[in-house]
Amino acid sequence: MPLSMPLPTHAAVTRLVASILPFKENDVPLLYHVPRRRRYDSELAFLDRIVLSITPTPGVYPFISHTEAYHPPRTVCFLHRPWQLDRGAVRGDTLVLSSHTSFDENLTVGWNPTLATRLGMAEENWFCVQGYKGDPTRKIGIVGAVSIPRDTILEHMKREFGQTELIQAGQSDEIRVVAIMNAFNEEEVMRVLDMAQEREWVPDASFEARGRHVLYLTGQPRESGMLAATALGLTVACVGHRTTEEWGIRFLAAALRTAFSNVLVEEVYEEEEPIARKPEKEIVAPASTPVEAV
């Protein structure tokens, strides 16, 4: 009779997540919420379940909060945007991991080799777009040479993301360059074309509509980027910011299932509830005080 696999520890799960989402100086702490136990040791803390979500929506708390169950599943939680987490509601044995900047950089529409490969790009024919908002090390995109009909690659994208927010067809049915970018403005559109031109993937700068064989894949549509893309003939695919985050959660969940097949991996996809502002306190004059008309 085969021996059952030992359950993973908090440390083992943390190491795997860290290998997929490398440390960034300006990121949230990977160990966002550590179990509040006096003798907590991550190498000895075993777990039965992993739950992943973009944010701590109400559907996350049944997995991680206090419960009347005598032995609730020992849980590790991953959150991409953790700031609204109610730490007081988290069970004392639960570890919460998080990654914001690195997750955006590696598991959405930025430097994402896995997504690039699935869309038909090859490592020997791609390059990294790096540097953004004063951070010269920040990877914001991957650009590669392909030879794919536009309708075919758009169909690949639909399978990956499930939906698109906006598609703008460019001036050619043949895509020869794909840019997967985490920023969309005129400067980044021009940077992609300039870098592709250096590799002779697009025509000379003086050539009209030199972006006609380029597909620019990003999250949110931006006016500056759309105007530049239209003028230069690019095809644009905006899949939506949250949609890109959900792709990252699905990818991370799949990696955890593969590595730790003997634990349950749950994914929570819920729309975020808007943060309600407290109404301003109404000032009511005492009954005995006359109120002058304004």
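Keep in mind it's a predicted model, so treat the numbers as computed, not measured. (Residues numbered from 1 in each chain as written. Predicted model: local features only at pLDDT ≥ 70, side-chain atom pairs only at ≥ 80, totals over all residues. Heavy atoms only, no water.)

Student: Quick question: what am I supposed to make of the UniProt feature "binding site: a divalent metal cation" (unreviewed entry) in the protein here?
Tutor: UniProt's entry tags Asp104, His241 and Glu245 with the feature "binding site: a divalent metal cation" (unreviewed entry), counted in the numbering of this structure. In sequence the annotated residues extend across 142 residues, while in space they remain close, none of their C-alpha pairs exceeding 10.0 Å. Here Asp104 lies in helix H3 (residues 101-107). You can call Asp104 buried: its relative accessible area is 12%. Those residues in contact with Asp104, other than ones at most four positions away along the chain, are His80 and Asn182. Considering the arrangement of structural elements, one finds His241 in helix H8 (residues 241-259). Look at His241 and you get partly exposed, because its relative accessible area is 35%. (UniProt positions renumbered as here; feature names shortened; annotations may be inferred. Helix = DSSP H or I, 4+ residues; strand = E, 2+ residues; numbered from the N terminus. Buried < 20%, exposed > 50% of the residue type's maximum accessible area, 1.4 Å probe, protein only. Contact = heavy atoms within 4.5 Å.)

Student: Mind showing me how you'd approach the confidence of the model for the protein here?
Tutor: Fine structural detail should not be taken from predicted coordinates in areas where pLDDT scores are low. Looking at the protein, pLDDT values average 89 and 91% of them are 70 or higher. Here residues 276-294 is a poorly scored stretch, pLDDT under 50, and it has 1 contact once near neighbours within four places are set aside; other chains count. (pLDDT = per-residue confidence, 0-100.)

Student: What am I meant to see in the packing of helix H6 (residues 186-198) against helix H7 (residues 223-232) here?
Tutor: When two helices pack together, their arrangement is captured by the angle between the axes and the distance separating the axes. Put simply, H6 and H7 touch, their axes get as near as 7 Å, and they point 40° apart. Comparing the axis directions of H6 and H7 gives the class oblique. Of H7, the residues touching H6 (which contributes Glu186, Val189, Met190 and Leu193) are Ser224, Gly225, Ala228 and Leu232. A class-by-class count of the residues in the contact of H6 with H7 yields 5 nonpolar, 2 polar and 1 charged. (Axes fitted to C-alpha atoms, helices over the stretch in contact; angles between N-to-C directions. Parallel < 35°, antiparallel > 145°, perpendicular 65-115°, else oblique. Nonpolar A, V, L, I, M, F, W, Y, C, P; charged D, E, K, R; others polar.)

Student: What is the right way to look at the sheet that holds strand E2 (residues 49-53) in this model?
Tutor: Strand pairing in a sheet relies on backbone hydrogen bonds. The paired strands run either parallel or antiparallel. If you walk across this open sheet you meet the 5 strands as E1-E4-E3-E2-E11, and the pairing is mixed. The sheet is open, and its two edges are formed by strand E1 (31-33) and strand E11 (264-268), each paired on a single side. With direction set aside, neighbouring strand axes in the sheet form an average angle of 25°. Inspection of the sheet shows strand E3 (residues 75-79) paired to strand E4 (residues 95-98) by 4 bridges, in the parallel sense. When the bridges of E4 are listed, Val76 appears paired with Leu95. Set on the sheet, helix H1 (residues 10-20) makes contact with E1, E2, E3 and E4; between it and E4 the angle comes to about 5°. (Pairing = 2+ DSSP bridges.)

Student: Explain helix H5 (residues 150-161) here, please?
Tutor: An α-helical turn contains 3.6 residues, so a residue and the one three or four places further along point in the same direction. With 12 residues, H5 ought to run about 16 Å at 1.5 Å a step, and its terminal C-alpha atoms sit 17 Å apart, in line with that. Residues of H5 that are buried include every one of Arg150, Ile153, Leu154, Met157, Glu160 and Phe161, and no others. Viewed end-on, H5 has its buried residues packed into an arc of 115°, placing them on one side of the element. Exposed positions of H5 whose direction lies more than 90 degrees from the buried face are Asp151, Lys158 and Arg159. Looking one or two places after H5, you find Gly162, whose phi comes out positive at around 85°. (Expected span 1.5 Å × (residues − 1). Arc of directions from axis to C-beta.)

Student: So what exactly am I meant to see when it comes to the domain arrangement of the protein here?
Tutor: By a widespread convention, an interface's size corresponds to the accessible area lost as its parts come together. Domain annotation for the protein reports domain 1 (10-102 + 247-268) and domain 2 (110-238). Taken over C-alpha atoms, the centre of domain 1 sits 33 Å from the centre of domain 2. Between domain 1 and domain 2, the residue contacts involve 5 residues of the former and 9 residues of the latter. Of the roughly 520 Å² buried between domain 1 and domain 2 on both sides combined, carbon and sulfur atoms contribute 50%. Here domain 1 is connected to domain 2 by 0 salt bridges. The interface formed by domain 1 and domain 2 contains 2 residue pairs in polar contact (both at pLDDT 80 or more). (Domains from an automatic or database assignment. Buried area = accessible area lost by both parts, 1.4 Å probe. Salt bridge = Lys/Arg side-chain N within 4 Å of Asp/Glu carboxyl O. Polar contact = N/O pair within 3.5 Å; in protein donor to acceptor, adjacent residues only side chain to side chain.)

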